[in-house]
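Single-letter residue listing:
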Amino acid sequence: MRCQQCQFENMPGQKTCFKCGAVMEIDPNSISIYPARMAKWKKPVRAVARVLRRIGGYSEIKFTPPAWVSDYLDDSIPSLIMSVIPGLAHLFTGRFKEIRIYFLLWLIFLSTGLFFFGSPNGYILLALAVGMHTGIAVQYRFLKKLETVREKIAVTVVVLILFSLMYRYMPRLVVPNLDGGNIFFDIPARQIVNGDYFLSWRNIDQKDLKRGDLIFVKPSVAYNYRQRMRQSTGQTICQIVGLPGEKLEILNGIFFVNDQPLDVNEYPAVEWLQVDKYSAIIPPNSYFVNIQYIMYNHNIPNISPYINDVCIVKFENIESRVFMQWMPISRRGFINR
Amino acid sequence: MDADFKKGFYKPMTRFSQLEFDGADKEKPNEQIGEPVHDTAYYYKEAIRCRLAGDFELALRNYSRMLEMNNMRFEGWLGQTLMLIELGEYAEAAIWANKALDLFPQQPELYAARAVAYHRDLKKADAIKSSDTAIDIGNQSAYVWLSRAEIMYPRKHSVAENCLSKAISAAGKEGALVKLEAARIMKHYGNRHAAIEYLNEVVRVFPKSALAWYELGCCQSELGLSAAKAALEQSLILRPRWNAAENALAKCKPSFLKRLFRR
């Protein structure tokens, strides 16, 4: 059978030409006669692509990877390592088209997940992004290489776990100074509500800290009294109430600094600090913080030592200072100091 | 391979050969009375009529209907590709040309159409390659030279104009239609005087072509000729409420300030 296009003599029964791939035996009934049409949204996108082509010869740039790159990426593990950036392995071997939809979905899930980070929806979207990323990574080589469904599922699960850990710890490497967490008490004067999510910055100067600032303290400070007290969460935001050298008192749930009462709406004493009477001089280089704890034992006779050890924190135990409210979206914005 | 396929593959119908414009109908002695038969020739004629009216969407639909009747008609595939190009869907046109080339691998016109699609999508290297293939195959029709002219215009005007001359000489009976396409290319690349010459000939042959009047009106308008208004109005009479013609006519009318300071 001779190909009409390249005149190559093919084996009988061949449907497409072995040499050029042209269709040889045409079944008139199976041919679609309706051309695919351009979606309206593509029009401006293509116009931009044309402008790019006009400016910089965009279409002329065709990246062909060196042979050793393709050979290296033929192995599963290097391809997986390369896929830490989703689609990179595909991009290097010119297979990006295979996963472009998944890449787009990953991008959408990741961006919306980050936008809603701190809320349940945000976590679900990020989980979907991790799933999509895993799919892209295993699609490159693993799924083709493995034969049984059980093997494929097992590898996918392992990669999913690895990528979940990567997503958990990667932000620490990329932006080491950025942190975040929820607050567990209300500050009515600042429209802060229990459960709001805040972003904080680790790199702080002692001079920057002022009364009313929201801060994160090192977990070790909170866990000193773990035997007797239970912290409500691992990552808790606290509020600076007393500065170094000041005299701080708590009387019927109201803070007094140097005998001057603080506004209850701006400095509300959390539940366990609403004691009859407490008084202390804040040591130098330390701060008195309003921090939410849940007491294990409600019949502790003298609470003052615990307050001293939990609420008076040294500067070196302060991890980061809150600079932005992230959730809910309606109150998103930088903290006005 | 069935008979239709053979007919479509080896003896393609000459483009525009079955057109009937103006008085052409009167010359036919055995004209059918009543509802015309809706066969491939009918849809092909309808498609060309829509093309000449500038309604490329409807022309595309008619080409598709033509292929519904017989999907081995080369003219239908080529027409679809050309209409996709006219509608600005260049990537789709290139894909469709490739698909058609699977069926008709030795048709230079399909390569030429693909070259135009690439050219308008600013994929210059691909366009040249495809156009070269179209010429290498041999048996070049007018459209192959038209396509070559369009691709060569931004590079070398003299070569492009030579290609246009070749296209017109290769056109034979279809000269007017080829001149219309040539004029559109010339207009696009700023050679409006030559385009007007061709378009005047075209409107003489096809006085009912809204597209020809529109292109003539646009060229005249860009040169500031007063005849532009009449040409565009004529195109609107032939195809009422045509947005492109209405906009061109609106631009043609002098603005308030122009009228105010007219000497």
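The sections below set out a description of the structure shown in this document. (Residues numbered from 1 in each chain as written. Chains lettered and ligands numbered in written order. Predicted model: local features only at pLDDT ≥ 70, side-chain atom pairs only at ≥ 80, totals over all residues. Heavy atoms only, no water.)

1. A closer look at the overall build of chain A
We apply this condition: Each helix is a run of DSSP H or I of at least 4 residues and each strand a run of E of at least 2, with the numbering of both proceeding from the N terminus. For every residue, the accessible area obtained with a 1.4 Å probe (protein chains only) is divided by the maximum for its type, and the residue is called buried under 20%, exposed over 50%, and partly exposed between those limits. Accessibility throughout is a Shrake-Rupley quantity obtained with a 1.4 Å probe, and a residue counts as covered only by protein chains that appear here.
Helix and strand content of chain A: ten helices and 14 strands. Across the 337 residues in chain A, those meeting the buried criterion constitute 38%. Summed over its atoms, the accessible surface of chain A is roughly 19,800 Å², and 60% of this surface lies on carbon and sulfur atoms.

2. What to know about the overall build of chain B
Filter applied, for reference: In what follows, residue pairs with any heavy atoms lying within 4.5 Å of each other are defined as contacts.
In terms of regular secondary structure, chain B is built from 16 helices and zero strands. Residues classed as buried in chain B amount to 52% of the 263 residues present. Here the analysis covers contacts within chain B between residues at least 6 apart in sequence; of these, 56% occur between residues at least 24 apart. Total accessible area on chain B stands at roughly 12,900 Å², and carbon and sulfur atoms take up 50% of it.

3. Points about the packing of helix α12 (residues 192-205) of chain B against helix α13 (residues 210-222) of chain B
For any two helices packed against each other, the geometry is given by the interaxial angle and the distance between the axes. Residue and element names in this part refer to chain B. For clarity, the threshold we go by: For helices, the axis comes from a line fit to the C-alpha atoms of the stretch in contact; other axes are also lines fit to C-alpha atoms, and the angle between any two N-to-C directions lies between 0 and 180 degrees. The labels follow the angle: roughly parallel below 35 degrees, roughly antiparallel above 145, roughly perpendicular from 65 to 115, and oblique for the rest. Two helices cross in a left-handed way if the nearer one is turned anticlockwise from the farther one by less than a right angle. They cross in a right-handed way if the turn is clockwise.
Taken N-terminus to C-terminus, the directions of α12 and α13 make an angle of 150°; their axes are 9 Å apart at the nearest point. Taken together, the axes of α12 and α13 lie roughly antiparallel to each other. In this structure, the crossing between α12 and α13 has a hand that is left-handed. Judged by residue contacts, Arg-192, Ala-195, Ile-196, Leu-199, Asn-200, Val-202 and Val-203 of α12 engage Ala-212, Trp-213, Glu-215, Leu-216, Cys-219, Gln-220 and Glu-222 from α13.

4. A word on α12(B)
Since the α-helix packs 3.6 residues into each turn, any two residues three or four apart lie on the same face. All names here are of chain B. Under the convention used in this document: To estimate how far a helix should extend, the number of its residues minus one is multiplied by 1.5 Å.
Between its first and last C-alpha, α12 extends 20 Å over 14 residues, near the 20 Å set by a 1.5 Å rise per residue. If you check which residues of α12 are buried, you get Ala-194, Ala-195, Ile-196, Tyr-198, Leu-199, Val-202 and Val-203. Of the surrounding secondary structure, the elements contacted by the buried residues of α12 are α10 (157-171), α11 (175-188) and α13.

5. Thoughts on the pattern of salt bridges
Where we set the bar: Salt bridges are counted wherever a side-chain nitrogen of Lys or Arg sits within 4 Å of a carboxyl oxygen of Asp or Glu.
Across all of its chains, the model carries 25 salt bridges over all chains by this definition. One salt bridge in this structure joins Asp179(A) and Arg172(A), with 3.4 Å as the shortest N-O distance.

6. Side note on the side chain of Gln239(A)
Residue and element names in this part refer to chain A. Filter applied, for reference: Under the rule applied, a polar contact is a pair of N or O atoms within 3.5 Å (in protein, one hydrogen donor and one hydrogen acceptor; residues adjacent in sequence only if both atoms are side-chain atoms).
Locating Gln-239 in the fold gives a position in strand β5 (residues 237-242). Separated by 2.8 Å, the side chain of Gln-239 and the backbone oxygen of Glu-266 make a polar contact. Apart from residues no more than four positions distant in its own chain, Gln-239 is found in contact with Phe-185, Ile-187, Arg-190, Gly-212, Asp-213, Leu-214, Glu-266, Tyr-267, Pro-268, Phe-288, Val-289 and Asn-290.

7. A few points about the interface of chain B and chain A
The condition that has to hold: Defined in terms of a 1.4 Å probe, buried area is the accessible area two parts forfeit on being brought together, summed over both. The classification used treats Ala, Val, Leu, Ile, Met, Phe, Trp, Tyr, Cys and Pro as nonpolar, Asp, Glu, Lys and Arg as charged, and all other residues, Gly among them, as polar.
Counting residues at the interface gives 34 residues for chain B and 22 residues for chain A. Roughly 2,400 Å² is buried in total at the junction of chain B and chain A, and carbon and sulfur atoms are behind 52% of that figure. Considering only the side of chain B, the residues that lose the most area to chain A are Glu92(B), Asp102(B) and Leu122(B), jointly responsible for 22% of the buried surface there. At the boundary of chain B and chain A, one finds five salt bridges. Counting across the interface, chain B meets chain A through nine residue pairs in polar contact (both at pLDDT 80 or more). Elements with a contribution of two residues or more to the side of chain B that touches chain A: α1 (3-10), α4 (56-69), α5 (74-86), α6 (90-103), α7 (108-120) and α8 (124-137) of chain B. Residues belonging to the side of chain B that touches chain A are distributed by class as follows: 18 nonpolar, five polar and eleven charged.

8. As for the side chain of Ser130(B)
Structurally, Ser130(B) can be placed in helix α8. Those residues within four positions of Ser130(B) in sequence are excluded, and the remaining contacts are Tyr111(B), Arg114(B), Ala115(B) and Tyr118(B).

9. Quick word on unusual backbone geometry
In this structure, the amide linkage connecting Met327(A) to the following residue, Pro328(A), adopts the cis form with an omega of 0°. Its location among the elements puts Pro328(A) in the loop between β13 (318-327) and β14 (333-334). Not every positive phi belongs to a glycine, and Asn258(A) is a case in point at roughly 50°. Although it is not a glycine, Arg241(B) sits at a positive phi angle of roughly 60°. With respect to the helices and strands, the residue Arg241(B) is situated in the loop between α14 (227-238) and α15 (243-252). We classify Arg241(B) as exposed; its relative accessible area is 73%.

10. Observations concerning helix α9 (residues 142-152) of chain B
Residue and element names in this part refer to chain B. The element α9 is extensively covered by neighbouring structure, given that eleven of its eleven residues are classed as buried. Those residues of α9 that sit buried are Ala-142, Tyr-143, Val-144, Trp-145, Leu-146, Ser-147, Arg-148, Ala-149, Glu-150, Ile-151 and Met-152. Packing partners of the buried residues in α9 comprise α5, α7, α8, α10 and α11.

11. Concerning a nonpolar patch on the surface
All names here are of chain A. To keep things clear, this is the line we draw: Surface patches are drawn from residues lacking salt bridges whose relative accessible area is over 30%; two like charges belong together within 9 Å, two nonpolar side chains (Val, Leu, Ile, Met, Phe, Trp, Tyr) within 5 Å.
Judged by side-chain polarity, Val-84, Ile-85, Met-170, Leu-173, Val-174, Val-175, Leu-178 and Trp-201 come together as a nonpolar surface patch covering roughly 680 Å² of accessible area. Ranked by residues supplied to the nonpolar patch, first place goes to helix α8 (residues 149-174) with three residues. Summarising the element assignment, Trp-201 is placed in strand β2 (residues 197-201).

12. Details of the environment of Ile335(A)
Residue and element names in this part refer to chain A. The topology assignment puts Ile-335 in the segment after β14. Taking the relative accessible area as the measure of exposure, Ile-335 reaches 19% and is therefore buried. Expressed as a C-alpha distance, the spacing of Ile-335 and Met-324, which sit eleven residues apart in the sequence, is 5.2 Å. Residues within four places of Ile-335 in sequence aside, it is in contact with Arg-190, Phe-198, Val-322, Phe-323, Met-324 and Gln-325.

13. Some remarks on the packing of aromatic side chains
For clarity, the threshold we go by: Within 6.5 Å between ring centres, the rings of Phe, Tyr and Trp (the latter by its six-membered ring) count as paired, and their orientation is classed by plane angle as stacked under 30 degrees, edge-to-face over 60, tilted in between. Here, a charge over a ring means that NZ of Lys or CZ of Arg falls within 6 Å of the ring centre while also lying within 35 degrees of the ring normal.
According to the stated counting rule, one finds 16 aromatic pairs over all chains in the structure shown. Residues Tyr42(B) and Tyr43(B) carry aromatic rings whose centres are separated by 5.3 Å and whose planes lie at 70° to one another, so their mutual orientation is edge-to-face. For the ring pair Phe74(B) and Phe104(B), a centre distance of 5.7 Å and an interplane angle of 75° mean the geometry is edge-to-face. Within this pair, whereas Phe74(B) is found in helix α5, its partner Phe104(B) is found in the loop between α6 and α7, the two being separated by 30 residues in sequence. Residue Phe74(B) shares its accessibility class with Phe104(B), and that shared class is buried. Three or more aromatic residues joined by ring pairs form one cluster here, namely Phe96(A), Phe103(A) and Trp106(A). In this structure, Arg168(A) is placed above the aromatic ring of Tyr169(A), and the distance from its NZ or CZ to the ring centre is 5.2 Å. Sitting above the plane of the Phe115(A) ring, Arg332(A) keeps its charged end 4.4 Å from the centroid.

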